[in-house]
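Observations on the three-dimensional arrangement
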Amino acid sequence: MVSGPGLFSDIGKRSRDLLTKDFVTDQKFTLSSSTDSGVDFTSTAIKKGGLSTGDIAVKYKYKNTLVDVKVDSESNIFTTFTITDLFPSTKAIVSVKLPDYNSGKLELQYFHDHATFTTAAVLNKSPAIDVSATIGTPAIAFGAEAGYDTTSGNFTKYTAGIGVTKPESSASIILGDKGDTIRASYLHHLDLWKKSAAVGEITRRFSTNENTFTVGGSYVIDGLTVVKAKLNNHGKLGALLQHEVIQKSLITIAGEIDTKALEKTPKFGLALALKP
């Protein structure tokens, strides 16, 4: 693939990941293993409240094709084929969920030095179609996406955004929810080694005149341990600690409290990902 501005979904991703990634509020256990032939196995068990679910996934890569098959505890089978460079600078993704034969989806991605394009369609008689485009460079990108329902003839979504990325910082502004919300974020690394970072994000919903401002930060303690925290103006305080117990095996402990309603029960989460 060529080096370009990235996909539209990449705009604001660094800030979004710091504020949301790994902030678990349930119990999750993952066990992964690989064979010499290149087959990856992953078993996952999740307990959320009184409900327990699980799945088993198998991945296999052969040349430019990646096959991903997952079976969950409700006997659903998710199958995804990802083919890279079927044509130069392209990626094709075909997915289906069985036994729902109408859930098939085809996505095509095209990467250029100064632009990326994606289109995705549900493979049924009345397909929903999503398209996105991004122009620019790895340092600055302008993009938009839209969704169209061929049954009703209506747009299901349209979003536009701009992202600026530097080695030590990144910023983005995204107009979403059909123009009803605008979200601006800024992330800055506080040292040359990128061990610590701070982020601020503000979201305004025009239909309700509601503003949400969130600040957060992360710090790498010793190369094996990461701590993160975030707080918004509604009083939601979240924190997590993630530690690499052994190589490629992580334990994550996270929690969230409502500082404006301390009588509410705090939320706690635990995730253990083992890869022997």
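Residues numbered from 1 in each chain as written. Predicted model: local features only at pLDDT ≥ 70, side-chain atom pairs only at ≥ 80, totals over all residues. Heavy atoms only, no water.

1. Some points on the layout of surface pockets
A volume near 520 Å³ is recorded for the largest pocket. For the largest pocket, the lining is made up of 25 residues, of which K28, T30, S32, T42 and A273 are closest to its centre. Sorting the residues of the lining of the largest pocket by element identifies strand 1 (27–34), strand 2 (39–48), strand 3 (51–62), strand 18 (249–258) and strand 19 (267–274) as the ones contributing at least two each. Considering each element in turn, the lining of the largest pocket owes the most residues, five residues, to strand 1. (1 Å grid on protein atoms, 1.4 Å probe; cavity = no way out; pocket = protein on both sides within 12 Å on 5 of 7 lines; lining within 4 Å. Points joined across faces, edges and corners; volume = space filled by probe spheres on them. Helix = DSSP H or I, 4+ residues; strand = E, 2+ residues; numbered from the N terminus.)

2. Things to note about the pairing of strand 14 (residues 196–205)
Inspection of the sheet shows strand 13 (residues 181–189) paired to strand 14 by nine bridges, in the antiparallel sense. Residue pairing across strands places Y186 opposite G200, the latter belonging to strand 14. Counting the residues between successive antiparallel strands, the hairpin from strand 13 to strand 14 contains six residues, one of them, K194, with a positive phi of roughly 60 degrees. Two elements, strand 14 and strand 15 (residues 210–220), share 10 bridges in a ladder whose sense is antiparallel. Paired with A198 across the strands is G217, a residue of strand 15. Taken together, strand 14 and the strand that follows it, strand 15, pair antiparallel across an intervening segment of four residues, in which N209 is found at a positive phi of about 55 degrees. (Pairing = 2+ DSSP bridges.)

3. Some points on the packing of aromatic side chains
The geometry of an aromatic ring pair is captured by two quantities: the separation of the ring centres and the angle between the planes. According to the stated counting rule, one finds three aromatic pairs in the structure shown. On the numbers, 6.5 Å between centres and 20 degrees between planes, the contact of Y110 with F117 is stacked. By relative accessible area, Y110 is classed as partly exposed at 35%. When its relative accessible area of 41% is taken as the criterion, F117 is described as partly exposed. Considering the side-chain rings of F155 and Y158, the 6.4 Å spacing of their centres and the 80 degrees angle between planes classify their relative orientation as edge-to-face. Accessibility expressed as a relative area gives 47% for F155, which makes it partly exposed. With a relative accessible area of 41%, Y158 lands in the partly exposed category. Connected via pairs of aromatic rings, a cluster forms that spans Y148, F155 and Y158. Sitting over the ring of F78, K70 keeps its end group 5.4 Å from the ring centre. Positioned over the ring face of F23 is K230, at 4.3 Å from the centre of the ring. (Phe/Tyr/Trp six-rings, centres within 6.5 Å; stacked < 30°, edge-to-face > 60°. Buried < 20%, exposed > 50% of the residue type's maximum accessible area, 1.4 Å probe, protein only. Lys NZ or Arg CZ within 6 Å of the ring centre and 35° of its normal.)

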